[in-house]
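Residue strings, one per chain:
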There are 2 protein chains.
Amino acid sequence: MRILADAMGGDNAPFEIVKGAIDAVNELGVEVTLIGRGEDILDVLRKQGHDDLPKGVTVTHASQVVEMTDSPSASGREKPDSSMAVGLRMLAAGEGDAFVSAGSTGALLTGAILTVKRVKGVKRAALAPVVPTKTGGSVLIDCGANLECKPEYLLQFGAMGSFYAQKVLGIDKPRVGLLNIGAEETKGPELLKESYKLLMEAGRAGIIHFVGNIEGRDAAFGAADVIVSDGYAGNIFLKTLEGVGLFYADMLKGMFTKNALTKVSALIVKSGLRSFKKKVDYTETGGSPLLGLQKPVIKAHGSSNAKAFKNAIRQAVNFSAGAVIPAIAENIATVTGGEAAL
Amino acid sequence: MRILADAMGGDNAPFEIVKGAIDAVNELGVEVTLIGRGEDILDVLRKQGHDDLPKGVTVTHASQVVEMTDSPSASGREKPDSSMAVGLRMLAAGEGDAFVSAGSTGALLTGAILTVKRVKGVKRAALAPVVPTKTGGSVLIDCGANLECKPEYLLQFGAMGSFYAQKVLGIDKPRVGLLNIGAEETKGPELLKESYKLLMEAGRAGIIHFVGNIEGRDAAFGAADVIVSDGYAGNIFLKTLEGVGLFYADMLKGMFTKNALTKVSALIVKSGLRSFKKKVDYTETGGSPLLGLQKPVIKAHGSSNAKAFKNAIRQAVNFSAGAVIPAIAENIATVTGGEAAL
């Protein structure tokens, strides 16, 4: 399998990206094409002790870089030779199995939809990270690609998230929940009331296993394997989860580093602390797959270090190997929200 | 000061409500009128060892109880003699300084708006709890009263939240932030882009101290003293904050109760753990004031125990004493979102 990696995207590019990519080659047995300014990539490789290209690594030169200040909608047109644009074109042309970038989310979304294109029948592509919950992790779909949604979009998010949870996370019958402000079906803004009805119908038709509305609290506790949301509320949910995790990790640190005795205490609960840290550590979860496209695209965290980028590549491998996209392509026509289809 | 308490509202009514009210009388030096089924209240008082009405406590009989299954919009009409309806009428008639209820949020909102009425010029009343953040606490407004909002509502939420933070939390110049999916002013759904402009104008006019968009992550870290949101996203934020707090508290507990040695470790960091627990413990924060009404109304947590209800009464006392409502009444005309006003 060949992973196409945007070597120039993210706060720590290209150094950490290149390092993470090489780690992925060594640990996961994949091939990686690093895309970006050739001289910069080679320079970083030398700094990391590689005078030659490591086995399994190739470099494709792209002269431009998408900056965070670039307009997401215009970056493809204004920077046709950016590492992101080149990578997406290579993916569309079949020169790799998946594309991973830690660059601008907006530019990646726009570029991927234009270049890689949506699966026929899919109304909107959505960002679907796996978020840490008490029971392990849940697919959150959408978390920011679509701020203004229609009920049919949320219906399809539910189905796509369910296929991903089945094929990549290995959950046989994923519980699909709608992120809402209360459990009753009459709760929430109009969008959610209508979405609830469509998801319920899809549940009755056996396409998904819909467990109803779930509140943020229940979602954090793992009440659903797939958390369906519009991109606005989903993003608030995700960032809050992340923020509170960091805030508590901080408090814990303060608690244990107070004096010599509390440091001893930390040693005693070391394994517990480690698993705690692992839960709140976003470098463990990798990136967010973009679901609904014809090829696998992964958005890695903007602040990815080598480990986070390696894990995003791991996710790209699982995404590609899991055959999620064929499942979406085969089944999405039955999930349109139209009366004929259900 | 006399606090009117809905003795029948909430999961643990009337036992815990009555207990919390008596604790409030003893600890806070207020008078409390318990409203609800007379015989039930007297029965609970006896069980708690009071053969006579404790000093400072009076009882007003109300024959009906609003149930969670009652329609919020119809409960006032269908149950005119509920403890909630009677309490709200007493408040409107000046028979008490504030009303506290742990009953149905929807019914309380509808009833309060109809009976206690909005301050002239206020477009929408909003729920404004103080949420725990890294730096202490922030006013979150709205968190569920208004699911579908207009920019002018969010503008007024910002102003009302700011007055509350000034008068009740004692923050001289509260930082008002707009809960959004990114920091840039171009971020978010249309509602937030427009709200941003109005809040910015109000900031320039010196009515509030607007610090711009804040993400859920920053909000959890205390980036603003007042977090402005529509009721939908605000509710998702609040419930997630609450859920993650409980989830981490749970993980910590598991970590420390593993064996004898980890239990010793827990003893060492006892004070740290206590302050951690206090942060995530919602019985500490009391309830959510409903801002924009002519009299103070507090929604206590539905699962309030005696301590939580006592703290909700404490909040009602501070709300009433802080003269937030006069500040809103005097200034809200300048915060309408209309061109003439700013």
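Structure shown above.
Reading guide: rules and limits
Residues numbered from 1 in each chain as written. Chains lettered and ligands numbered in written order. Predicted model: local features only at pLDDT ≥ 70, side-chain atom pairs only at ≥ 80, totals over all residues. Heavy atoms only, no water. Pairing = 2+ DSSP bridges. Helix = DSSP H or I, 4+ residues; strand = E, 2+ residues; numbered from the N terminus. Axes fitted to C-alpha atoms, helices over the stretch in contact; angles between N-to-C directions. Contact = heavy atoms within 4.5 Å. Polar contact = N/O pair within 3.5 Å; in protein donor to acceptor, adjacent residues only side chain to side chain. Parallel < 35°, antiparallel > 145°, perpendicular 65-115°, else oblique. Left-handed = near helix turned anticlockwise from the far one by under 90°. Nonpolar A, V, L, I, M, F, W, Y, C, P; charged D, E, K, R; others polar. Buried area = accessible area lost by both parts, 1.4 Å probe. Salt bridge = Lys/Arg side-chain N within 4 Å of Asp/Glu carboxyl O. Least-squares fit on C-alpha atoms with pLDDT ≥ 70 in both.

## A word on the sheet that holds strand β10 (residues 226–228) of chain B
Residues and elements named next belong to chain B.
Consideration 1: Within the open sheet, the 5 strands sit side by side as β6-β7-β10-β8-β9. Their pairing is mixed. A single partner strand is all that each edge strand has here, and the edge strands are β6 (130–133) and β9 (209–214). Strand after strand, the sheet turns through a mean of 30° between neighbouring axes, direction not considered.
Consideration 2: Judged from the 3 bridges that link them, strand β7 (residues 136–141) and β10 form a sheet pairing that is parallel. Each residue of the ladder has a partner; that of V139, found in β10, is V226.
Consideration 3: Helix-sheet contacts for helix α6 (residues 151–167) involve β6, β7, β8 (175–179) and β10, and the interaxial angle to β10 is about 165°.

## Re the side chain of S101 of chain B
All names here are of chain B.
Consideration 1: One can find S101 in strand β4 (residues 98–101).
Consideration 2: Here the side chain of S101 touches D6 through a polar contact of 2.8 Å, side chain to side chain.
Consideration 3: Setting aside its immediate chain neighbours within four residues, S101 contacts D6, M84, L108, I298, K299 and A300.

## Observations regarding the packing of α6 of chain B against helix α7 (residues 190–204) of chain B
Helix-helix packing: each pair is described by the crossing angle between the helix axes and the interaxial distance.
All names here are of chain B.
Consideration 1: Packing of α6 against α7 brings their axes to within 8 Å, and their N-to-C directions diverge by 45°. Between α6 and α7, the interaxial angle falls into the category oblique. α7 is crossed by α6, and the crossing has right-handed handedness. The residues of α7 that touch α6, namely those facing P151, E152, L154, L155 and G158, are L191, L192, E194, S195, L198, L199 and A202.
Consideration 2: Its residues assigned to classes, the contact of α6 with α7 comprises 8 nonpolar, 2 polar and 2 charged.

## Focus: the interface of chain B and chain A
Consideration 1: Residue-level contacts link 52 residues of chain B with 52 residues of chain A.
Consideration 2: Carbon and sulfur atoms supply 74% of the area buried between chain B and chain A, which totals about 4,600 Å² over both sides.
Consideration 3: At the boundary of chain B with chain A, the tally comes to 4 salt bridges.
Consideration 4: In this structure, E215 of chain B and K239 of chain A form a salt bridge, with 2.3 Å as the shortest nitrogen-oxygen distance.
Consideration 5: The interface formed by chain B and chain A holds 12 residue pairs in polar contact (both at pLDDT 80 or more) in total.
Consideration 6: Looking at the side of chain B that touches chain A, the elements that each hand over two or more residues are β6, α7, α8 (216–220), α9 (231–256), α10 (260–268) and α11 (270–280) of chain B.
Consideration 7: The element contributing the most residues to the side of chain B that touches chain A is α9 of chain B, with 20 residues.
Consideration 8: In terms of residue class, the side of chain B that touches chain A is made up of 27 nonpolar, 14 polar and 11 charged.

## Observations regarding the relation of the copies chain B and chain A
Taken together, a rotation about one axis and a shift along it account for how the two chain copies relate.
Consideration 1: Rotating chain B by 180° about the axis while translating it 0.1 Å along that axis superimposes it on chain A, leaving an RMSD of 0.1 Å. Such a combination of turn and shift is consistent with a two-fold rotation axis. Considering only C-alpha atoms, the residue of chain B closest to the rotation axis is S265 of chain B, which sits at 2.2 Å.
Consideration 2: Comparing interface residues between copies, 100% of those in chain B also lie at the interface in chain A; the contact surface is shared.

## Looking at the pairing of β9 of chain B
Consideration 1: Where β8 of chain B meets β9 of chain B, 5 bridges bridge the pair, whose relative direction is parallel. If you follow L179 of chain B over to β9 of chain B, its bridge partner there is I214 of chain B.

## Brief notes about the sheet that holds strand β4 (residues 98–101) of chain A
Residues and elements named next belong to chain A.
Consideration 1: With mixed pairing, 7 strands are arranged side by side in an open sheet as β3-β2-β1-β4-β12-β11-β5. Since the sheet does not close on itself, it has two edges, and those belong to β3 (57–61) and β5 (126–127), each with one partner.
Consideration 2: Pairing geometry for strand β1 (residues 2–6) and β4, over 3 bridges, is parallel. Bridging from a neighbouring strand, A5 pairs with V100 of β4.
Consideration 3: Each of β1, β2 (31–36) and β3 is contacted by helix α1 (residues 15–28), which is oriented at about 165° to β2, the strand it contacts most.

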